[in-house]
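# Chains, contacts and geometry: an overview
Each chain, letter by letter, is given below.
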Amino acid sequence: MCSKTEEDFDYFDCLPDALLLFIFNKLQDAKSLTKCLLVSKRFSSLIPFTNTIFISIPPLQHLSKPNRNSTGSYINTLRLLVHNLFLKPLRCFHQIMLPKSATRSFDSSYYQPNGVLKNFKEMKSLHLELPSHGDELGSGTGASFLKWKAEFGSNLKTCIILGATSIQRSNKFSSSSFCLQQKEQECIEETLTDDELKLRVIWTISCLIAASTRHYLFKKILADHPIPLLQRVLISDANKQGKFYMVKEEIVEMRNSMNSEQDTLESSSLERTPVPELNMKLWYLPMLELPESGYVMRGATLVIRPVDGSDSMVGSLDLEGDGEAFSEAVREMIKVKKSYLMTMSSF
């Protein structure tokens, strides 16, 4: 096979199929792999067996850029909802009915990846990256840092949301002087005011809507492309703000639930999966120093579902790929003794 003249010699001809597939799986990028389909008949026959695929989804070109008025309108809608459902600082009860336009402002303005997925029939791991749509979640409600991670089956299973009103590189002198300049009681105060707690409920609702929108997107993808060998899916965004993920058992659970929900999926006008009634646990610190990652957070807030066993859940999670600040902050916040319980109706 490698006995050709020097001029006609092709080093790829000397590589076994297994090694070429290994290279393609390291490449991952669907756009590059699709171009490789045109290189040769051999590439064209092997690439469909690539099992690890990354797809960066571009935004729709004909859509107008999001303006701040629409963002402001959405934030005002959330504020009104939280004001109506928020009964007292430790518990939230009420039915939330979000308008269709509010859910669209997150992740629905992009191309569907159906045309690309049909090229990869042996896919086991899928990573979709959604485009940025300008303002990040929480930017209009005082959150300079807001990240989330959610795990789904047929419905939401676990969720971690971390937010802060400000985050900056640590300066030992400035952070020490901050506490020295405040009264000792103010430095250790961990109680949220009603307004501060309402604001954090808005952050939570925003992240849950974003996560449930991605769940709905994946349902539609799975309805069009069964992808029988799929064992892992991750849907992130260009801003690296949120991660939706599922593993093999949860994908099987979704497939089973979809068999009885197909008509509902096709006729749904919400364009996201309804969020079930939730109990969530919230921790708060006015200032959180993160010596390992070198940051200081103000107004640090951690929200976790489920409430029971949240400590062990965080300990079992792989947070290493979520950024040093996120990983360290979650593990430090979970140690805080005082916490709040939030209960929300399905929305």
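Please refer to the structure higher up on the page.
Below: a short report on this structure. (Residues numbered from 1 in each chain as written. Predicted model: local features only at pLDDT ≥ 70, side-chain atom pairs only at ≥ 80, totals over all residues. Heavy atoms only, no water.)

## Some details on the packing of aromatic side chains
A full pass over the atoms with the stated rule returns 2 aromatic pairs. With 5.2 Å between their ring centres and 80 degrees between their planes, phenylalanine 24 and phenylalanine 43 make a pair best called edge-to-face. Of the two residues, phenylalanine 24 sits in helix α1 (residues 17–27) while phenylalanine 43 sits in helix α3 (residues 41–46), which places them 19 residues apart along the sequence. For the ring pair phenylalanine 152 and phenylalanine 244, a centre distance of 5.2 Å and an interplane angle of 40 degrees mean the geometry is tilted. Residue phenylalanine 152 is found in strand β5 (residues 145–152), and its partner phenylalanine 244 is found in strand β9 (residues 242–247); the two are separated by 92 residues along the sequence. Taking the ring centre of tyrosine 245 as reference, the NZ or CZ of lysine 149 above it sits at 5.4 Å. (Phe/Tyr/Trp six-rings, centres within 6.5 Å; stacked < 30°, edge-to-face > 60°. Helix = DSSP H or I, 4+ residues; strand = E, 2+ residues; numbered from the N terminus. Lys NZ or Arg CZ within 6 Å of the ring centre and 35° of its normal.)

## Observations regarding helix α12 (residues 324–333)
Of all the 10 residues making up α12, 7 are buried; the element is thus mostly covered by neighbouring parts of the structure. Within α12, the full set of buried residues consists of Ala325, Phe326, Ser327, Glu328, Ala329, Val330 and Met333. (Buried < 20%, exposed > 50% of the residue type's maximum accessible area, 1.4 Å probe, protein only.)

## So, the state of the cysteines
Under the counting rule described, the total for this entry stands at 0 disulfides. Here cysteine 159 stays free of any disulfide, with the sulfur of cysteine 207 as its closest cysteine sulfur at 7.0 Å. Taking the relative accessible area as the measure of exposure, cysteine 159 reaches 1% and is therefore buried. (Disulfide = S-S within 2.5 Å.)

## A closer look at the pairing of β5
A large share of β5 lies buried, amounting to 7 of its 8 residues. Both β5 and strand β6 (residues 156–164) contribute to a ladder of 8 bridges, which runs antiparallel. Bridge pairing in β6 places lysine 147 opposite leucine 162. Linking two consecutive strands that pair antiparallel, namely β5 and β6, is a turn of 3 residues. (Pairing = 2+ DSSP bridges.)

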